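One letter stands for each residue in the lines below.
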Amino acid sequence: QVQLVESGGGLVQAGGSLRLSCAASGRTFSSYGMGWFRQAPGKEREFVAAINWSGRSTHYRDSVKGRFTISRDNAKNTVYLQMNSLKPEDTAIYYCAATKVVTALVPGAYDYWGQGTQVTVSS
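Notes on the structure follow. Quantities reported herein were computed from a predicted structural model and do not represent experimental measurements. (Residues numbered from 1 in each chain as written. Predicted model: local features only at pLDDT ≥ 70, side-chain atom pairs only at ≥ 80, totals over all residues. Heavy atoms only, no water.)

Let's talk about the overall build of the chain
Thinking step 1. Counting its secondary structure elements, the chain contains zero helices and eleven strands.
Thinking step 2. Listed by position from the N terminus, the elements making up the chain come as β-β-β-β-β-β-β-β-β-β-β.
Thinking step 3. Taking 123 residues into account, the globule formula puts the C-alpha radius of gyration at 14 Å, and the chain, at 13 Å, falls close to it.
Thinking step 4. Taken along its principal axes, the extent of the C-alpha atoms in the chain is 40 × 30 × 25 Å.
Thinking step 5. Relative to its 123 residues, the chain shows a buried fraction of 44%.
Thinking step 6. Looking at the chain alone, contacts between residues at least 24 apart form 57% of all its contacts between residues at least 6 apart.
Thinking step 7. A total accessible area of about 6200 Å² is found for the chain, and carbon and sulfur atoms account for 48% of it.
Thinking step 8. Averaging the positions of the 13 positive and the 8 negative side-chain charges in the chain gives two centres separated by 6 Å. (Helix = DSSP H or I, 4+ residues; strand = E, 2+ residues; numbered from the N terminus. Rg over C-alpha atoms; globule rule 2.2 N^0.38 Å. Buried < 20%, exposed > 50% of the residue type's maximum accessible area, 1.4 Å probe, protein only. Contact = heavy atoms within 4.5 Å. Areas by Shrake-Rupley, 256 points an atom, 1.4 Å probe, with all protein chains shown as cover. Lys, Arg positive; Asp, Glu negative; His and termini not counted. Charge placed at Lys NZ, Arg CZ, Asp CG, Glu CD.)

Concerning the sheet that holds strand E7 (residues 68-73)
Within a sheet, adjacent strands bond to each other through the backbone by hydrogen bonds, running parallel or antiparallel.
Thinking step 1. If you walk across this open sheet you meet the four strands as E1-E3-E8-E7, and the pairing is antiparallel. Of all strands in the sheet, those bounded by a partner on one side alone are strand E1 (4-7) and E7. When strand polarity is set aside, the average angle formed by the axes of neighbouring strands in this sheet is 15 degrees.
Thinking step 2. When E7 meets strand E8 (residues 78-83), the two strands line up antiparallel, connected through six bridges. Its bridge partner lying in E8, Thr69 is registered against Gln82. (Pairing = 2+ DSSP bridges. Axes fitted to C-alpha atoms, helices over the stretch in contact; angles between N-to-C directions.)

Concerning the side chain of Arg38
Thinking step 1. Inspection of the secondary structure assignment puts Arg38 in strand E4 (residues 33-39).
Thinking step 2. A relative accessible area of 5% places Arg38 in the buried class.

Re the pairing of strand E11 (residues 117-122)
Thinking step 1. The alternating pattern of E11 places Thr117, Val119 and Val121 on a buried face and Gln118, Thr120 and Ser122 on a face that is not buried.
Thinking step 2. Taken together, the four bridges between strand E2 (residues 10-13) and E11 define a ladder with parallel strand orientation. By the bridge assignment for E11, Gly10 is matched with Val119.
Thinking step 3. With three bridges joining them, strand E9 (residues 92-99) and E11 adopt antiparallel strand pairing. Within the sheet, the bridge partner assigned to Ala92 lies in E11 and is Val119.

Comments concerning the packing of aromatic side chains
Thinking step 1. Under the criterion given, the structure shown has six aromatic pairs.
Thinking step 2. Plain terms: the ring middles of Tyr32 and Tyr112 are 6.0 Å apart, the flat faces sit at 75 degrees to each other, and that makes the pair edge-to-face. Of this pair, Tyr32 sits in the loop between strand E3 (18-24) and E4 while Tyr112 sits in strand E10 (residues 112-113); the two residues are 80 residues apart in sequence, bridging distant segments of the chain. Both residues of the pair, Tyr32 and Tyr112, belong to the buried class.
Thinking step 3. An angle of 80 degrees between the planes, with centres 6.5 Å apart, marks the rings of Tyr95 and Trp113 as edge-to-face. (Phe/Tyr/Trp six-rings, centres within 6.5 Å; stacked < 30°, edge-to-face > 60°.)

Don't take any of this as a statement about function, it's just geometry.
This is the structure we're talking about:
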C-alpha cells in the first residue's frame, strides 16, 4: 500500500514557475514508477510526466516538454514536478500516481493516487 500526498500548487501568473511535490509513504517507494497527471474542469484526466524507479528514464506530454521537469528523491520518498513558463492552459488539478509498471503513460496503469493539488495560471 502506498499513500501519496501532493503539495506546492497555487495561483501564479503566466510565465511563472511552481514546483509540485508528492510525498509517499511506505518502504517500497523506490520500486514504483511515478507519474503526474492533470485534470481541468470538464476534461478527462491527462498524462503530464512519468519517471521510472531509478529516475534515469522520463517521459513528457508534448505540450510540456522543455517547460516541465519530473524528478525523484528515493531517499526522501518524494517525486517532484518543476513547472516553468506556465501558461493559462496548464490550469488544472495535478495528481501524482504510483505504478508497479516500470513507466506508464495512461491513468489505468497506475495503482495509487494522491488527492490532487490545484494549479491556477492567470493570464
